[in-house]
Every structure is written in structure tokens, then in C-alpha cells.
Amino acid sequence: IAGITQAPTSQILAAGRRMTLRCTQDMRHNAMYWYRQDLGLGLRLIHYSNTAGTTGKGEVPDGYSVSRANTDDFPLTLASAVPSQTSVYFCASTTRSGETQYFGPGTRLLVL
Amino acid sequence: GDSVTQMEGPVTLSEEAFLTINCTYTATGYPSLFWYVQYPGEGLQLLLKATKADDKGSNKGFEATYRKETTSFHLEKGSVQVSDSAVYFCALSDRGYSTLTFGKGTMLLVSP
């Protein structure tokens with residue numbers, strides 16, 4: 001069982017470019033999440049999805065969009081990257097509210 | 001809204017020392033409480049959790065007790081090892097909501 005996979009592992013991106021971070025889970029979890037991790041700020045929720053076909057905004061959604069076409073995949077898109085989006089991005093999933101979230105290995109993104 | 005406050009690091013200890021990392025929270029409901037650990041270059045993984053008042057979560061020698069009266073969930077370990085060096089995150093999940101609210105993380109450095 002792979003759990004959660006994220007791709008790419010790392011990326012250097014020119015400002016203004018479009019980028020999609022991929023997240024796939026094989027645990028049949030209903031809920032999925034995207035967080036960004038920045039030094040001194042901990043993890044902040046970007047977007048979430050409680051079930052396939054639905055999405056919601058987290059604490060820092062501006063500049064990001066998500067989709068949830070099926071249970072397994074939850075891609076995060078930066079439509080026009082800016083340097084402030086330089087961060088480490090983690091995808092997570094869980095079976096239901098209040099239960100343990102399982103995290104992917106992260107994507108390290110540098111926007112120049 | 002919900003929030004988690006944990007002690008700032010880094011916490012620097014010698015091997016076999018006693019560890020306490022403080023965590024307090026505010027929540028509108030009856031949250032589940034978690035400690036996650038992040039080893040260098042990796043994603044977060046669950047260390048322990050507690051779902052109701054007075055519950056004690058434990059794993060790998062770490063313990064934390066859910067104290068509703070003091071809204072706290074302090075992490076303790078009696079004898080730390082070099083391999084415990086990592087960043088520790090306290091988090092809560094409010095009942096009825098699927099998202100996690102994280103503290104900013106506490107880095108632990110253990111020297112031989």
C-alpha cells in the first residue's frame with residue numbers, strides 16, 4: 001500500500017507560470033486536504049474536499065484552486081505563480097471528520 | 001475560531017533528559033487532539049492522539065493527556081534519544097469538522 005503520493009518532489013518555477021501539484025491516495029479516504037508549510041507559521045490549510053465532487057476553502061486559498069473528480073486524486077493548481085507561494089506543500093487524507101490525517105511526503109516549490 | 005498554541009523552540013536536550021512540550025488550545029466544540037512528528041525531509045506522521053477529556057495518548061515512549069479544565073495537551077517523554085530530534089506539531093480537530101488546526105511546531109534537538 002503506497003498511502004499518499006505527491007508529485008513532483010520538488011520544482012523550481014518562474015513567476016507567472018501555471019503549475020499543478022498532484023496528490024493521489026489509495027486508501028479510499030473520503031476527505032483530502034492541501035496544506036502549505038512555512039517556517040514559523042506551521043501548517044496552514046489551503047483547500048479541502050470532504051468527498052468526491054465537493055471542495056472547500058481553507059485559511060489561505062487565494063491563488064490556488066483544486067478539483068476532486070474522483071476519490072483518489074486531489075490536484076492543486078497555481079494559476080499564475082508568485083514568489084510568496086514558495087513553500088512546502090503537503091497533501092493529506094482521512095476517513096472522516098476528527099480522525100487521523102495521513103500525510104504525503106510533500107512537494108518543495110520555489111517560485112522565482 | 002479554533003487555535004493551538006505551543007511552545008516555541010528549538011528545545012535542546014541531552015540524551016536521556018526529560019521532555020515536555022507545552023500545547024494549549026481554544027475550540028468551540030469538543031475537539032480531538034493530536035501530536036504529529038516531522039523528521040527532517042519527511043512529511044508529518046501521527047505520534048499520538050486523544051479524543052475525549054482525560055484520555056491519555058501514548059506511543060514510542062511519548063505521552064499526552066487531554067486536560068479539558070486547562071485546555072492543554074502537553075507532550076512528555078521520560079528519556080529522549082538522539083533519534084527523537086524532529087519537529088513536533090500539536091493539532092486539533094473540532095467535532096463535526098474535518099479540518100485540522102495546527103500549532104506552529106516545536107523543533108527538538110537531542111545531543112548525545
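Please refer to the structure placed before this passage.
Caption draft 1: Representation of the overall build of chain A in the model. Check the secondary structure of chain A and you find zero helices and 11 strands. Seen in sequence order, chain A has helices and strands lined up from the N terminus as β-β-β-β-β-β-β-β-β-β-β. Overall size of chain A, expressed as C-alpha extent along the three principal axes, is 35 × 25 × 25 Å. Counting the 112 residues in chain A, one finds 48% classified as buried. Relative to all contacts within chain A whose residues are 6 or more apart in sequence, the contacts with residues 24 or more apart total 54%. Surface summary for chain A: the accessible area is close to 5200 Å², and the carbon and sulfur share equals 52%. For chain A, the distance from the average position of its 10 positive side-chain charges to the average position of its 7 negative side-chain charges is 6 Å.

Caption draft 2: Representation of the packing of aromatic side chains in the model. With the rule as written, the count across this model stands at 11 aromatic pairs over all chains. Aromatic side chains A:Tyr35 and A:Phe103 sit 5.7 Å apart centroid to centroid with 35° between the ring planes, which places their arrangement in the tilted category. Here the residue A:Tyr35 occupies a position in strand S4 (residues 31–38), and A:Phe103 occupies one in strand S10 (residues 102–103), the gap between them amounting to 68 residues. Here A:Tyr35 matches A:Phe103 in class, with each residue buried. Plain terms: the ring middles of B:Phe89 and B:Phe102 are 6.2 Å apart, the flat faces sit at 90° to each other, and that makes the pair edge-to-face.

Caption draft 3: The sheet that holds strand S7 (residues 64–66) of chain A, seen in detail. Residue and element names in this part refer to chain A. With antiparallel pairing, four strands are arranged side by side in an open sheet as S1-S3-S8-S7. Both edges of this open sheet fall to strand S1 (4–7) and S7, since each of them pairs with a single strand only. Between one strand and the next, the sheet's axes are offset by a mean angle of 20°, whatever the strand orientation. Where strand S3 (residues 19–25) and strand S8 (residues 76–78) come together, three bridges link them in antiparallel fashion. Residue pairing for S8: Thr 20 is matched across the bridge by Thr 77.

Caption draft 4: Quick peek at the interface of chain B and chain A. Tallying the contact residues gives 22 residues for chain B and 20 residues for chain A. Here chain B packs against chain A, burying approximately 1500 Å² in sum over the two surfaces, 53% of which is carbon and sulfur. Where chain B meets chain A, there are zero salt bridges. One can count four residue pairs in polar contact (both at pLDDT 80 or more) joining chain B with chain A. Elements that contribute at least two residues to the side of chain B that touches chain A include exactly strand S5 (32–38), strand S6 (44–50) and strand S10 (86–93) of chain B. With four residues, S5(B) is the single largest residue contributor to the side of chain B that touches chain A. Of the residues that constitute the side of chain B that touches chain A, the class distribution is eight nonpolar, nine polar and five charged.

Calculation rules
Residue numbers restart at each chain and count upward from 1, following the sequence in its written direction. The naming scheme follows written order: chains are lettered A onward, ligands numbered 1 onward. Only residues with pLDDT of at least 70 get local features here, since the model is predicted, and only at 80 or more are side-chain atom pairs given and counted; chain-wide, interface and lining totals rely on the full set of residues. No hydrogens and no water enter the side-chain calculation; it runs on all heavy atoms of the structure. Working definition: helices are DSSP H or I runs of at least four residues, strands are E runs of at least two. Numbering for both runs from the N terminus. The buried label applies to any residue whose accessible area, calculated with a 1.4 Å probe on protein chains only, is under 20% of its type's maximum; exposed applies above 50%, and partly exposed to all values in between. In this description, contact between two residues means that some pair of their heavy atoms is separated by no more than 4.5 Å. Using a 1.4 Å probe, accessible areas were evaluated by the Shrake-Rupley method; residue-level cover was limited to the displayed protein chains. Lys and Arg are tallied as positive, Asp and Glu as negative. Neither His nor the chain termini are counted. The atom standing in for a charge is NZ when the residue is Lys, CZ when it is Arg, CG when it is Asp and CD when it is Glu. Side-chain rings of Phe, Tyr and Trp, where Trp is taken by its six-membered ring, are said to pair if the distance between their centres is within 6.5 Å; with planes under 30 degrees apart they count as stacked, over 60 as edge-to-face, and otherwise as tilted. Pairing between two strands requires that DSSP report at least two bridges joining them. The axes are straight lines fitted to the C-alpha atoms, using for helices just the contacting stretch, and the angles between their N-to-C directions are given from 0 to 180°. As a working definition, buried area equals the accessible area (1.4 Å probe) given up by two parts on being put together, with both sides summed. The salt bridge criterion pairs a side-chain nitrogen of Lys or Arg with a carboxyl oxygen of Asp or Glu, the two atoms within 4 Å. Here a polar contact is recorded for every N or O atom pair within 3.5 Å, except that within protein the pair must consist of a potential hydrogen donor and a potential acceptor, and residues adjacent in sequence are included only if both atoms are side-chain atoms. Following the grouping adopted for this structure description, the nonpolar residues are Ala, Val, Leu, Ile, Met, Phe, Trp, Tyr, Cys and Pro, the charged ones are Asp, Glu, Lys and Arg, and the polar ones are all others, Gly among them.

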